[in-house]
Amino acid sequence: MDSPPTIPVQRPSRWDEPLDASMTDADVAWLRTRGPFNQMDQSAFPRATPLSGILRYDCRLHRVEPGEVIVREGDYGNSAFLLITGNVRVLVDSLTDRQLGRQPARAIGWGEALSRFLRRSPHPETRTPEQVSINVGGGGHQSIRQVDDRPAIFLQDIEGVLRRHESVSLGPGELFGEVAAMYRSPRTATVIAETEAALVEIRWQGLRILRRDRRFADTLEQHYRRHWLPVHLREIPLLRYLPEENMQRVIEATELRSYGRMEWNADYKKTRKLHPADQIASEPLVVDQGQLPTELIVVRSGFGRMCVRHGAAHRTVAYLGKGHLFGIEEIAYNAMRPESLRPIHYQHSLRAVGFLDALSIPIEVFAAEVLPHIRKSELPESARSLQKSFTEKRTDRRRVRSEQRSEAADRFSPDPSQDIEHAAGVSFESTSLLEFIVQHRLNNGREAMVIDLHRCTRCDDCVKACADVHDGNPRFVRQGIVHDRLQFVQACMHCSDPVCMIGCPTGAIARDQTTGVVSIHDPICVGCGVCAAACPYENIAMAEVVDRKGRPYVDEKSGKAIRKAAKCDQCSGLTSGPACAAACPHDALVRIDLSESPPLSDWLEKRS
Amino acid sequence: MPAVDAAGSTGDARVRTWSGRRRRWTVFFLICASLGAVATLAIMPAEQLFKPGELSTPHAQILAGAVAGENCGACHHQAAFSLAAWFQSASDPHAAVRQSDLCMDCHHRTIDANLALAAHNLPLSVRDQMTETIRLASKRSAAGSTGLLPRLIPDAAVDQNDVACRTCHQEHHGAEGDLLSLSNNQCQTCHSKRFGAFADSHPDWKGWPYGRGGELSFNHATHQQTHFPSWKSGAETFDCSVCHPAGPTGELVRVASYETSCKTCHDEAMNVQAGKGIAFVALPSLPPNALNNVSGWPEDATGFADGVISPLAELMLRADPTVSRIVRSVPGGDVSRLSIEDPQTIETLSRLAKGYQALIDDVDRRGQSAIQERLMELGISPGPFQPVLRSLSPQLLESAGQKWFTRTNLTGTQSATIARPRPKIRLVLADDDDLLGTELLGSSLLGEPGDVDALVEDPLLEDPLVGSKDHSSTVMSDVPPSELVQVGGWYRDDQRFAVSYRGNGHGDPVMVGMIETFAQLAEHDPLKQRFFRAPFVAACVSCHPGATAIPATWRAKRLVGQRSAFTKFSHRPHLSVSALGDCSHCHQVRDRQTMRDHEFVFAGSEFKALERESCAACHHANAAGEDCTQCHRYHISDGGLR
Amino acid sequence: MNRSQGPSLRTRRLVALLVTSVVIAIFWGTTRRETSRLGMPAFFTGFTLLAGLFLLMLLGVRRRLPFWPLGSVSTWTQIHLYVGVFTTAIYVLHVPALIAGGVLEGCLSILFLMVTASGFYGIYASRTLPKKLTAVEGQHRFDRIDWVRNQIAAAADTACRQISETSAKQVLETFYQQALSPFFVSRPTLAYVIAPNGNRRRRLLGDLKELDRYLEEDGRRVAGQLAALVRRRDDLDYQFALQLRLRCWVVFHSLLSLVLLAVSLIHMVIVLRLVG
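Residues numbered from 1 in each chain as written. Chains lettered and ligands numbered in written order. Predicted model: local features only at pLDDT ≥ 70, side-chain atom pairs only at ≥ 80, totals over all residues.

A. Main features of the overall build of chain B. The secondary structure content of chain B amounts to 34 helices and three strands. The buried share among the 642 residues of chain B stands at 24%. In chain B, the proportion of contacts linking residues at least 24 apart, taken out of those at least 6 apart, comes to 68%. (Helix = DSSP H or I, 4+ residues; strand = E, 2+ residues; numbered from the N terminus. Buried ≥ 20, exposed ≤ 12 C-beta atoms within 10 Å, placed from the backbone. Contact = placed C-beta atoms within 7 Å.)

Structure below.
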């Protein structure tokens, strides 16, 4: 390539986009007088990112009113909250959907399905007043109110809720929500304001730098290692037969590492245009090919790309998702090899696609504590032949017990009594399909809509069926990127990393705990468009809503049209499952889990 | 990737979607289709529209002339296409009428309407009987080898006592449609005994095709082996094709005419057998004491009781109530066999003589009607006797009466004719014109008795006739009277006091008439037996055994094309096979020489049995076919199967 | 729930064909049996046909009731397909002649054969045309084809306007006015829609290539743009033609099948009324 003439620009800097532009120096100064910031060691922070900078750019001050829901269980978020004044309550029990202003998922009967179909609105995006706002008909007490300049959702009858539900009160100086923010996991509890309170919201970038302060870091680390690491380790299927004492030693030795950027979706919109080689090069390296194995990498969240050097670039051989292992083959071989054989090196590189949180188990601990408790059949091929000396009899009783535990640990995992295949990553026969899926981040999709273009007659029955069950509004467009004979349609994939859910002010976009379906609860959707902007696949649309006569709803104060986010809800409630897949006459359309390869490769296999 | 919102609409210009367009097309098309349907209904009569296919040509021709509205109704009792009629079926007065009844409206000529719907048109009892016969027969013969296939034939879906015509005859399959096609399985579905391939499992037939009641008595064996070689030292050869030539259609004639086949040998003998012929009346010789109160009995016929009452005369006399018992009491009609000692005999003979006189007198006066009335008195149809009547002139009898009876004293007008004296001359009337003198017959029937008297008494009318008779009698006096009618006819024999008929060769209508008349008598009537024993009658009946039946059959009936027989056969298609051109390929006459007589008789036929194998050589599925319907008919009357 | 469960399409086809032929054989045997026993097999096959027609129509019903859990439409399509094959076989058993003699019956049999033929064409079309569509660049939605066509026309217009060289302007504009503009502005001809071919595309591209000798660099660039647009437009028309064909046969098939059902009901009523 010849070098074009240079254009001088300002290098984008760490804090170009502050979390809250209205943070003033006075606010920062005030914060620095409050704990725990007043006890932090200034010198621990790099010069480029001083503590005051973090407070200025990565924090936001909140005033919450009694009864306001601060975080909801099950939500994804990328910020933690520090209580400055006032009290909040952490609810140990789960709140019902209705209490959170969401419509609980329910099965729609035959009669209702029919009447919904027959009473389709002639106008696009029709909503009843109840659907437009939860405040309508709610009496004087409004569920959604503006607090300062942001909408907030309030619990009705907070005393009653607190009386009925077990809760823990938090006071000034206490931090909550940091695990969800740091490790991209759903919030584990709902927090509501008990009194009027002031909170500092710290986004994860800031939180990460704050860990430079040893005390702060230790607090976080201990908290994590005590409460969350065991949970995360037990989610790993490979460790499901590990006895408790071994597990303790594994927990002690394991480390958590994070790679890449949590806001990968924002980056992706830029990097997807890059050449694939450049794209790979831009991804943070976790493990390089050819190193001597020192640790087993277990992906806890995010995605990893497993690649080998091929010619001048890297060839992707698999992608890793939650629970997948990297380096098991090499480590198992090295651990079991007779002394005469030479140890082997890492065969692949691992790169973080977007972001990657990985647990690393040192090889010594793995060989001593874990390896004897792995089913022979689950070991990699090369290690299996060496395995003899490591055989340990396991009784059925133990297996049953382990299964129960394992089941509790991971709801989405397949039947634990089955051997877990592809524990070391997901790959397809066709490398190009694999590259394509990773490049377009389709591996995020749990319910991706894939069309086999060799069978699709373009009849649009899928769109029609979708419209028919959604009051006349199709929730997807039959278009999308095409690879070979597959079209990945622009329909919500109900991603395993639902970035759309981050930042929803009212929790209107929520994931169903049992089905994993991400759906929008209209009454509490304030139409802010955060989710639509966050979705890297552009699968959420903002629609201006009208009533059955076609009259648009407008905000009573500003007069602006009311907008609602609209997306595929996987036809939840309909017993028929997604209408699009059911309506395809030619077996061309399927809703499929792309985070694993077997569904897609099986599906392709069937039609080869 | 273009950003498109979820609704997929790109602007506010409303474009009709595909489904919207499709809906409009659908509505438009359906409207057009319904309009088209209505238009078709309006233009085309419903009968034509709904007809599911052309009728076969015969039915179509019959219906071609019918009024349009009656087309369907001719066969479909339900046919009514008006909207109202569709809802009236419940109260249909013709509910009991069925399609088969409508078929029978035309087909009752060939099929008995009462049995039309019964299987094979046979009553249940007959079918049961036949089933039992076949069951027993098949039990006896171990041969009934039926394969697996026949057992797989399902049982019939139809009631055997109610087989609708359309079960087999399916219409509306085009002008060329075969109404008669029926598979072997379909044929056998009703049968309890089923057969597979013709060669293996068709039951044996015993004597068929021989002994099927030929109406001529002809023994092929004796003719071939005895008569032909011996007659004129074998001047004629025994050749099948002489008697059984191919007819104009190519089908073999069952028997060629007498003239071509039999006459050469049999004509002469038959003339000899005819002899003196058969007498209408022949006066017996009666003892004088029996003639005490009988006037004018010829003297030549007086003496010992002798002579036989001719069968015709006995028939006539039986009708006379005064003598009918007397006549029956004469054994064998032979008056000589009456016992002289019996006091009754004189009386009997006396009454007999009077009966003769009354008969002749009666015929004399009333002519043919007298004879006819007498026959009817006996319950005999005078129809067959008509040829006799036509040829027998009453005047011949009148002349006989005048000639024989020389009575003078007669009471009243009754015997006026007889009272007139007549010269004793032989008179023979053999004129054909006279024999067929209907003019005379008519006048005598129409006229009053008085008129007849006046006519007869007129000498001017009588004299020339009498004179001419005298003349002729003198010329031919030395020739036996029977020889006067050498080509046949009635004659008077004054020697025997008889009026006789001498037959004329083969097929004489008068003889036919007499035979058919006597055939009507009861089987054991001695008169009947006596008549048929007479040589001139026997000459006919020995070859025409069917002549004694009622109705009489003289000719061999054509068997081909017979509608009532269960088995049908035509030589015609077989003759196109060159090997079958030789009749003896199938029909072999038994050798008379090597076979003893009683064996020959018990063999039942002079032909060797026709074996199934010889048919099966060609009749299997791959050659000439083995369909049931090739040889068998379904519609058979009761007699057809026997 | 694993949606990829179930047999492969090939196995499914094999099993379905096998089952269909077994069922056809059973029905053939029953018809033969009924014929042998002097029954009325036409009633048996006729009512089977009618039931088959209703079963076939159920696909349309299912398509219009997407909101009920009635089994996936693809399952129904498979049923439809093999019932269609079965019904065709039963039809052959039912009729004395492929096209019946009478007016109504003749219409009925022609209708049936048309529906059947279009059905079989549908199988062929829906298995072959998608591959052709996929092979063509750009997967356009049918409802947006007009829009894309206008976009292409507009793009061509813009490309033509941006020529700065006077010489090229004259050459290209003339050609654009004479040949390209009518092509871009008008919809494809009916002949092309019925039987799409590459003639038009080859001719235009060839003519455009010919112009190169009169053009300099800028003109050639624009000519190249125009050629690309011609290709896009032709691909679009090809997509339009095939998608229209795929849609039209469905309409044809379903409309005729409605009429077929109506006429066969009339046929049934008449037969039931006039039988024996």
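Having seen the model, we can carry on.
B. View of the overall build of chain C. Within chain C, the secondary structure is distributed over nine helices and zero strands. Secondary structure of chain C in N-to-C order comes out as α-α-α-α-α-α-α-α-α. Compactness check: chain C gives a C-alpha radius of gyration of 27 Å against a globular reference of 19 Å for 276 residues, more than 25% above the reference. C-alpha atoms of chain C, sized along the principal axes, occupy 90 × 55 × 30 Å. Counting every position in chain C, which comprises 276 residues, the buried fraction comes to 28%. Here the contacts in chain C between residues at least 6 apart in sequence split such that 78% fall between residues at least 24 apart. (Rg over C-alpha atoms; globule rule 2.2 N^0.38 Å.)

C. Molecular detail of the interface of chain C and chain A. On the side of chain A, 42 residues touch chain C, which itself brings 26 residues to the contact. Breaking the side of chain C that touches chain A down by element, the ones donating at least two residues are α3 (73–94), α4 (103–135) and α9 (217–274) of chain C. If you tally residues by element for the side of chain C that touches chain A, the top one is α4(C), at six residues. Partitioned by chemical class, the residues of the side of chain C that touches chain A number 11 nonpolar, 10 polar and five charged. (Nonpolar A, V, L, I, M, F, W, Y, C, P; charged D, E, K, R; others polar.)

D. Local environment of the confidence of the model for chain C. Residues and elements named next belong to chain C. Model confidence for chain C is summarised by a mean pLDDT of 90, while 98% of its residues fall at 70 or above. Looking at the elements of chain C, mean pLDDT is at its lowest for helix α6 (residues 166–185), recorded as 87, and at its highest for α3, recorded as 94. Taken over the whole predicted complex, pTM reads 0.79, whereas the ipTM for its chain interfaces reads 0.90. (pLDDT = per-residue confidence, 0-100.)

E. A look at the nonpolar core. Core analysis: the biggest nonpolar cluster contains 179 residues, and Ile70(A), Ile297(A), Ile509(A) and Ala579(A) have the highest contact counts within it. Leave out the neighbours within four places in its chain, and Ile509(A) touches Cys500(A), Met501(A), Cys504(A), Val518(A), Ile520(A), Cys531(A) and Ala565(A). Within the second largest apolar cluster, 67 residues are counted, among which are Val281(B), Leu283(B), Ile309(B) and Ile515(B). (Core = buried A, V, L, I, M, F, W, Y, C linked by C-beta atoms within 7 Å.)

F. Quick look at unusual backbone geometry. A positive phi is found at Asp587(A), a non-glycine position, where the angle reads about 55°. Mapping Asp587(A) onto the fold places it in the loop between α19 (579–583) and β24 (589–592). Its identity is not glycine, yet Asn121(B) carries a phi of approximately 60°, on the positive side. With respect to the element layout, Asn121(B) can be found in the loop between α6 (99–107) and α7 (124–140).

G. The arrangement of the sheet that holds strand β8 (residues 175–176) of chain A in detail. Residues and elements named next belong to chain A. Across the sheet, which stays open at both edges, the four strands sit in the order β1-β10-β3-β8 with antiparallel pairing between neighbours. Two strands lie at the open edges of the sheet, namely β1 (59–64) and β8, each paired on one side alone. The pairing of strand β3 (residues 79–85) with β8 spans two bridges and is antiparallel. Pairing of Leu82 across the sheet is with Leu175, part of β8. (Pairing = 2+ DSSP bridges.)

H. Structural detail: the interface of chain B and chain C. At the interface, 39 residues of chain B touch 26 residues of chain C. Among the elements of the structure, α1 (18–43), α2 (46–50) and α9 (184–188) of chain B are those that each provide at least two residues to the side of chain B that touches chain C. Of all the elements, α1(B) adds the most residues to the side of chain B that touches chain C, at seven residues. The residue makeup of the side of chain B that touches chain C, split by class, is 16 nonpolar, 17 polar and six charged.

I. Region of the structure containing the sheet that holds strand β19 (residues 486–490) of chain A. Residue and element names in this part refer to chain A. Spatial strand order, β18-β19-β17-β24: four strands in an open sheet with antiparallel pairing. If you trace the sheet from one side to the other, it starts and ends with β18 (477–483) and β24, each paired once. Strand-to-strand, the axes of this sheet are offset by a mean angle of 35°, without reference to chain direction. (Axes fitted to C-alpha atoms, helices over the stretch in contact; angles between N-to-C directions.)

J. Broad picture of the confidence of the model for chain B. Residues and elements named next belong to chain B. Scored by pLDDT, chain B comes out at a mean of 76, with 79% of its residues at no less than 70. Per-residue pLDDT, averaged within each element of chain B, yields its smallest value for helix α23 (residues 438–446) (40) and its largest for α1 (91). Predicted confidence for residues 1–13 stays below pLDDT 50, and this span has 20 contacts to residues more than four positions away or in other chains. Ignoring residues within four places in sequence, the model shows residues 408–476, a span with pLDDT below 50, making 72 contacts including any to other chains.

K. Quick peek at the environment of Trp404(B). Residue and element names in this part refer to chain B. Assignment of secondary structure puts Trp404 in helix α20 (residues 394–404). The class for Trp404 is buried, based on 27 C-beta atoms found within 10 Å. As a C-alpha pair, Trp404 and Leu283 span 121 residues in sequence and 9.4 Å in three-dimensional space. Contact partners of Trp404, with chain neighbours within four places excluded, come to Leu283, Pro298 and Phe497.

L. Region of interest: the domain arrangement of chain C. Residues and elements named next belong to chain C. Looking at the assigned domains, one finds that chain C contains domain 1 (9–136 + 248–274) and domain 2 (142–244). Domain 1 and domain 2 are separated by 45 Å when their C-alpha centres are compared. Taken together, the contact between domain 1 and domain 2 spans five residues of the former and five residues of the latter. Take the side of domain 1 that touches domain 2: its biggest share by element is three residues, from α4. A class-by-class count of the residues in the side of domain 1 that touches domain 2 yields four nonpolar, no polar and one charged. (Domains from an automatic or database assignment.)

M. Helix α20 (residues 597–606) of chain A, seen in detail. Taken as a whole, α20(A) has its buried residues at Ser597(A), Pro599(A), Leu600(A), Trp603(A) and Leu604(A). Its buried side turned inward, α20(A) meets β24 of chain A.

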